[in-house]
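# Observations on the three-dimensional arrangement
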Amino acid sequence: MRDAMILNAGRQKYKGNIHSHSIRSDGEYTVEQMREAYRTKDYDFMCLSDHEIYFQSDAYDTEAFIMLDGYEMACEMERETTWQQYHLHGLLDRSLLAEMPFQHDEVHAKPDYESLDTIQRLIDEMRSKGNLVIMNHPEWSKNREEDLLKLEGYAAIEIYNHQSEIQEAVGYGVSYWDYVLKWGKRVNAIAADDAHGGPTDMAVSEFYGGWIVVESERLGQQAIIDAIKAGQYYSSNGPKIYDLRIENNRLKVVCSPVRSIRFITFPNNGLAEMDPTGVNITEAEYFIQNDEQYVRVECVDACGKVAWSNPIYPKYELQLQEEL
Ligand SMILES: [Zn+2]
Ligand SMILES: [Zn+2]
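As the structure is a prediction and not an experimental result, all values here were calculated from the model.

In terms of regular secondary structure, the protein chain is built from 9 helices and 18 strands. Taking 20 Å as the expected radius of gyration for a compact globule of 324 residues, we find that the protein chain reaches 19 Å, a close match to that expectation. Counting only C-alpha atoms, the protein chain reaches 50 × 40 × 40 Å along its principal axes. Relative to all contacts within the protein chain whose residues are 6 or more apart in sequence, the contacts with residues 24 or more apart total 65%.

Listed below in structure tokens is the structure:
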């Protein structure tokens, strides 16, 4: 596989929570209170993804902190009978050049669910309105893996939703991600809070539990969106990834001290690196075979907290090179 710099320890990184709610929908705090909750905790950006009501404003931005434009859109099925629903995150991507993007405070009415086509049409509509679409909390939503495989046009899956984890033990969506990756989809991951309210200053709260760290030359709406689309970020609920690169056919990672560094691949089995004495490690590498559908990295600390890289696709990259 060709050498590539995915994350560079020497470049600027920005921390953000892209999933949260305010009194504009079912949250407890005002826009200003939510903004201050993150701004004062060394976050660089956030998104107020209120339900079915779009946020599109620069009024709360400063040079050091910005609020991404977007919303969260639901399609509710009869949960009693199907046990599932869909929540989709839209982030304003101006590079899509939408003719009629949502305005600030514009409400997007929920569609009535008829079949999976309803969800596909919703994704298509959100994209036509200029949104990067993320599949939110599939474990909480009780989505079916095969349905996520059929749906097209979403860029990432929310694989860690902090509020769902601490309240209902359904925060991790990693198995959905691996399922679609195994069968050929190329989608990234997102970790986020989905904070609605409650205390912000307790050991366990809806705040500060899941985030992404984006590598970008500058802090700005489109710069962050472009980096997310390019996969230049990692997701975490604890550890940090400092550097991730492909060099001499090796995937090399440098991270904060963790108990294990895991390389997850398909169809081959991957590699778990640990120190046999149990001390923490901060780097590891994986020799790329070039027949992997994907390879992704998890850095897992002693408390079980994880930093997730986005996947690389050796087999796909090889096919691309052969076609050139
Ligand atoms: Zn949701
Ligand atoms: Zn939410």
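Having seen it, we continue.
It is worth spelling out the domain arrangement of the protein chain at this point. Taken domain by domain, the protein chain consists of domain 1 (14-235) and domain 2 (238-324). When each unit is reduced to the centre of its C-alpha atoms, the spacing between domain 1 and domain 2 is 25 Å. Taken together, the contacts link 12 residues of domain 1 with 11 residues of domain 2. Secondary structure elements with two or more residues in the side of domain 1 that touches domain 2: helix H7 (174-182), strand E9 (188-192) and strand E11 (233-236). Classifying every residue of the side of domain 1 that touches domain 2 gives 5 nonpolar, 4 polar and 3 charged.

Before going further, it helps to spend a moment on the confidence of the model for the protein chain. Of all residues in the protein chain, 99% have pLDDT values of 70 or greater, and the mean over the chain is 96. Within the protein chain, the element-level pLDDT minimum falls on helix H2 (residues 79-82), averaging 64, and the maximum on strand E18 (residues 306-308), averaging 99.

What follows deals with the sheet that holds strand E14 (residues 260-266). Reading across the sheet, the 9 strands line up as E4-E3-E2-E10-E11-E18-E17-E14-E15 and stay open at both edges, with mixed pairing between neighbours. Both outer strands of the open sheet, strand E4 (66-68) and strand E15 (271-274), are each paired with one neighbouring strand and no more. Neighbouring strand axes in the sheet, compared pairwise and without regard to direction, differ in orientation by 25 degrees on average. On the sheet, helix H8 (residues 221-229) packs against strand E2 (13-17), strand E3 (45-47), E4, strand E10 (211-215) and E11 and is oriented at approximately 100 degrees with respect to E10.

Along the chain, the position of Phe207 falls in the loop between E9 and E10. A sequence separation of 187 residues divides Phe207 from Ser20, and the C-alpha atoms of the two residues are 9.0 Å apart. Discounting residues that sit within four places of it in the chain, Phe207 has contacts with Ala37, Asp193, Ala195 and Thr200.

For the rest of this paragraph, the subject is the sheet that holds strand E1 (residues 4-7). Here 4 strands make up an open sheet; going across it, the order is E1-E12-E13-E16 and the pairing antiparallel. The strands lining the two open edges of the sheet, one partner per strand, are E1 and strand E16 (281-287). Across the sheet, the axes of successive neighbouring strands diverge by a mean angle of 15 degrees, strand direction being ignored. Strand direction decides the pairing type here: strand E13 (residues 250-258) and E16, joined by 6 bridges, are antiparallel. Its bridge partner being in E16, Val254 is matched across the sheet by Glu283.

The next subject is unusual backbone geometry. A cis amide bond links Phe266 with the next residue in sequence, Pro267, at an omega value of 5 degrees. Even without being glycine, Leu97 reaches a positive phi, approximately 50 degrees. Take Leu97: it is sitting in the loop between strand E6 (85-92) and helix H3 (116-128). Not every positive phi belongs to a glycine, and Asp194 is a case in point at roughly 60 degrees. Here Asp194 lies in the loop between E9 and E10. Among the residues examined, Asp194 registers 28 C-beta atoms within 10 Å and is labelled buried.

Scoring rules and cut-offs
- Residues numbered from 1 in each chain as written.
- Chains lettered and ligands numbered in written order.
- Predicted model: local features only at pLDDT ≥ 70, side-chain atom pairs only at ≥ 80, totals over all residues.
- Helix = DSSP H or I, 4+ residues; strand = E, 2+ residues; numbered from the N terminus.
- Rg over C-alpha atoms; globule rule 2.2 N^0.38 Å.
- Contact = placed C-beta atoms within 7 Å.
- Domains from an automatic or database assignment.
- Nonpolar A, V, L, I, M, F, W, Y, C, P; charged D, E, K, R; others polar.
- pLDDT = per-residue confidence, 0-100.
- Pairing = 2+ DSSP bridges.
- Axes fitted to C-alpha atoms, helices over the stretch in contact; angles between N-to-C directions.
- Buried ≥ 20, exposed ≤ 12 C-beta atoms within 10 Å, placed from the backbone.

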